[in-house]
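Structural characterization, general
Residue strings, one per chain:
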Amino acid sequence: MDATLLDAEAEAAVLRVYRQVFAVLAREAGAMIVDPDLLDVDQAILDAFAEAGSDGLTVEQATLACRAYPHDLIVRRFDLLRQYGAITKLVDRPNELRHRAAFAPYVMLMFLRRMSVQGGQAELHQLLTLEAHSVSDPQATADDGKASVERLTKVFRLLGNELAILVATSTAAQLRENAQLAWGNERLIEQAEKVHRLVLGRWPELHRDCTSLRMALAAYADAVQLAAGRLVERAGTTRALGLLPIETWLTFTRTSEPETLAAVLDGLLFDAAAPDFSAQTMVEAVETGRRSGTARMAPPRPTADQDAPESAAATDREDLRREAERVLAGRPAVDIVEVVDEAGDWITARRVLAELTAAHLHDELDYELVWSDGMRIDPAAGTPWATEGVFRRVAR
């Protein structure tokens, strides 16, 4: 009887910790958060407890500390965190008003934040490192190797499935938002293959389990390639930069020659007249500049005796062609300084230059934008600084 009670007490203790950990995920009893903003509310509540010290907080003090959020929302989340054991009474007595917060839910909240930003890549690398150490242990058994391989197989199957679903059903913008799923994938696959080799070398009888892991890794690699291909196809190679980890870019910049570094910037437009804008802001401005205004309505379905409507890509191509011809005005080439001066101000000029840059980079348009090293400086002009260059027709 004593042993049974001790076992039950240990299980209850573990259950209490799990309830605290997952309290920050609960929207209601037995439900999960569907609104990420609720994480901000939970963090505000737990931050208030951290600032309160050992005296704890009452519900009223918590709502006052979190007054940036609606009062009713704070009360609801406070009650739910209390129900899950993440917040408990300071002293367990009926009329106690002050509460204290547990450590476990805050750790879970930080983990969720890092997962949302980094996509769990750091956690995956740590998992693979631990699995390699586990199967390398001289005291490890075949059961340990089998369990390790099965865990990794499930991880990469889930990753591959999620990426495959995103590729099949999501837009390019949604793929970019989830690009962290593919960060550092080559390194992840190498670490998993290392575990595979260790297990297969020590326990050849586990070849079936190792085969399943190899298939999961291959499926994940294929899904990453499909996702990267769609991003490159839909948004251009410069928009797929998120598929590489930061360490890769640091190594590239430290080891490359100046000519190689300069080639990366070929075809990119920089706002020299307003250098306080970040590169990401400029990319977003160029991307959304031509799409301002009302949303494009879906065209009607074509009938049997009518031609199908042009695709969005064809429409964009013709818009770029019209802008290029307007700037050229029947001439074979035009100076960029002249284009900037005709625009009158930099706000208009950079929109025109963005259109010309897009026409230059378009594979189906016969235009070329060539920059030179000179710069025109005229304080009296609408845009005092203008880099010299030529926009012209080319024969392809």
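In case you missed it, the structure is sitting above this.
Note that this is a predicted model, so its numbers are computed, not measured. (Residues numbered from 1 in each chain as written. Predicted model: local features only at pLDDT ≥ 70, side-chain atom pairs only at ≥ 80, totals over all residues. Heavy atoms only, no water.)

Our next topic: the environment of Leu-73. Positionally, Leu-73 belongs in helix H4 (residues 71-83). A relative accessible area of 17% places Leu-73 in the buried class. Remark: the alpha-carbon pair of Leu-73 and Thr-63, spanning ten residues in sequence, is separated by 9.1 Å. Other than its neighbours up to four places away in sequence, Leu-73 contacts Leu-38 and Val-41. (Helix = DSSP H or I, 4+ residues; strand = E, 2+ residues; numbered from the N terminus. Buried < 20%, exposed > 50% of the residue type's maximum accessible area, 1.4 Å probe, protein only. Contact = heavy atoms within 4.5 Å.)

Between side chains of opposite charge, a pair can form when the charged atoms approach closely. Under the criterion given, the structure shown has 15 salt bridges. Between Glu-318 and Arg-321 there is a salt bridge, and its shortest N-O distance comes to 3.4 Å. With Glu-318 and Arg-321 both in helix H14 (residues 312-328) and three residues apart, this pair spans about one turn of that helix. Take Glu-318: its relative accessible area is 22%, and that puts it in the partly exposed class. Linking Glu-338 and Arg-331 is a salt bridge whose minimum nitrogen-to-oxygen distance equals 2.9 Å. Three or more residues joined by partner-sharing salt bridges are found here, namely Arg-317, Glu-318, Arg-321 and Glu-364. (Salt bridge = Lys/Arg side-chain N within 4 Å of Asp/Glu carboxyl O.)

Two faces make up the sheet, and in a regular strand the side chains alternate between them. Strand direction decides the pairing type here: strand S3 (residues 333-335) and strand S5 (residues 385-393), joined by three bridges, are antiparallel. When the bridges of S5 are listed, Ala-333 appears paired with Arg-392. Pairing analysis gives eight bridges linking strand S4 (residues 367-377) to S5, with the strands arranged antiparallel. When the bridges of S5 are listed, Met-375 appears paired with Thr-387. (Pairing = 2+ DSSP bridges.)

So, on to the sheet that holds S3. Within a sheet, each strand pairs with its neighbour through backbone hydrogen bonds, oriented either parallel or antiparallel. Taken together, three strands build an open sheet; the order of strands is S3-S5-S4 and the sheet is antiparallel. The outermost strands of the open sheet, each flanked by one partner alone, are S3 and S4. Taking each pair of neighbouring strands and ignoring which way they run, the sheet shows an average axis angle of 15°. Helix-sheet contacts for helix H15 (residues 336-343) involve S3, S4 and S5, and the interaxial angle to S5 is about 110°. Set on the sheet, helix H16 (residues 346-361) makes contact with S4 and S5; between it and S4 the angle comes to about 140°. (Axes fitted to C-alpha atoms, helices over the stretch in contact; angles between N-to-C directions.)

Once that is clear, we can look at the environment of Ala-168. Mapping Ala-168 onto the fold places it in helix H7 (residues 142-169). On the basis of relative accessible area, Ala-168 is assigned to the exposed category, the value being 66%.

A cluster of nonpolar side chains, contributed by Met-375, Ile-377 and Trp-385, occupies part of the molecular surface with about 340 Å² of accessible area. Relative to the helices and strands, Met-375 resides in strand S4. (Patch = residues over 30% accessible without salt bridge, like charges linked within 9 Å, V, L, I, M, F, W, Y side chains within 5 Å. Areas by Shrake-Rupley, 256 points an atom, 1.4 Å probe, with all protein chains shown as cover.)

If you check helix H9 (residues 185-202), its first and last C-alpha atoms are 26 Å apart, about what 18 residues at 1.5 Å a residue would give, namely 26 Å. Those residues of H9 lying buried are Asn-185, Leu-188, Ile-189, Gln-191, Ala-192, Val-195, His-196 and Val-199. Buried residues along H9 cover an arc of 160° about the axis, so they all sit on one side. More than 90 degrees from the buried face of H9, the exposed residues found are Glu-186, Arg-197 and Gly-201. (Expected span 1.5 Å × (residues − 1). Arc of directions from axis to C-beta.)

Attention now goes to the packing of H15 against H16. Taken N-terminus to C-terminus, the directions of H15 and H16 make an angle of 135°; their axes are 8 Å apart at the nearest point. It follows that H15 is oblique to H16 by the angle criterion. By crossing handedness, the relation of H15 to H16 is classed as right-handed. Of the residues in H16, those touching H15 at Ile-336, Val-339, Val-340 and Ala-343 are Thr-348, Ala-349, Val-352, Leu-353 and Leu-356. (Parallel < 35°, antiparallel > 145°, perpendicular 65-115°, else oblique. Left-handed = near helix turned anticlockwise from the far one by under 90°.)

To continue, consider H15. Listed in full, the buried residues belonging to H15 are Ile-336, Val-337, Val-339, Val-340 and Ala-343. Down the axis of H15, the sector holding all buried residues measures 160°, keeping them to one side.

Turning to the side chain of Thr-153, a few remarks are in order. Note that Thr-153 resides in helix H7. Thr-153 sits in the buried class, given a relative accessible area of 5%. Apart from residues lying up to four places away in sequence, Thr-153 is in contact with Asp-209, Ser-212, Leu-213 and Ala-216.

Here the focus is the packing of helix H2 (residues 37-52) against H4. Two elements in contact, H2 and H4, have axes separated by 10 Å at closest approach and are oriented at 75°. With respect to each other, H2 and H4 are oriented roughly perpendicular. Mapping the contact onto sequence places Leu-38, Val-41, Asp-42, Ile-45 and Phe-49 in H2 and Leu-73, Ile-74, Arg-77, Phe-78 and Leu-81 in H4. Partitioning the contact of H2 with H4 into residue classes produces eight nonpolar, no polar and two charged. (Nonpolar A, V, L, I, M, F, W, Y, C, P; charged D, E, K, R; others polar.)

Here we come to the packing of aromatic side chains. Following the criterion strictly, the structure yields three aromatic pairs and no others. Judged by centre distance (5.7 Å) and plane angle (15°), the rings of Tyr-367 and Phe-391 are stacked. Taken as a pair, Tyr-367 in strand S4 and Phe-391 in strand S5 lie far apart in primary sequence, 24 residues in all. (Phe/Tyr/Trp six-rings, centres within 6.5 Å; stacked < 30°, edge-to-face > 60°.)

The biggest cluster of nonpolar side chains holds 27 residues, and the ones touching the most others in it are Phe-156, Leu-163, Val-199 and Tyr-220. A total of eight residues in this core trace back to one element, the largest contributor, which is helix H10 (residues 207-235). The next biggest cluster of nonpolar side chains, apart from the first, holds 21 residues, and it includes Val-337, Val-339, Ala-343 and Leu-356. (Core = buried A, V, L, I, M, F, W, Y, C linked by side-chain atoms within 4.5 Å.)

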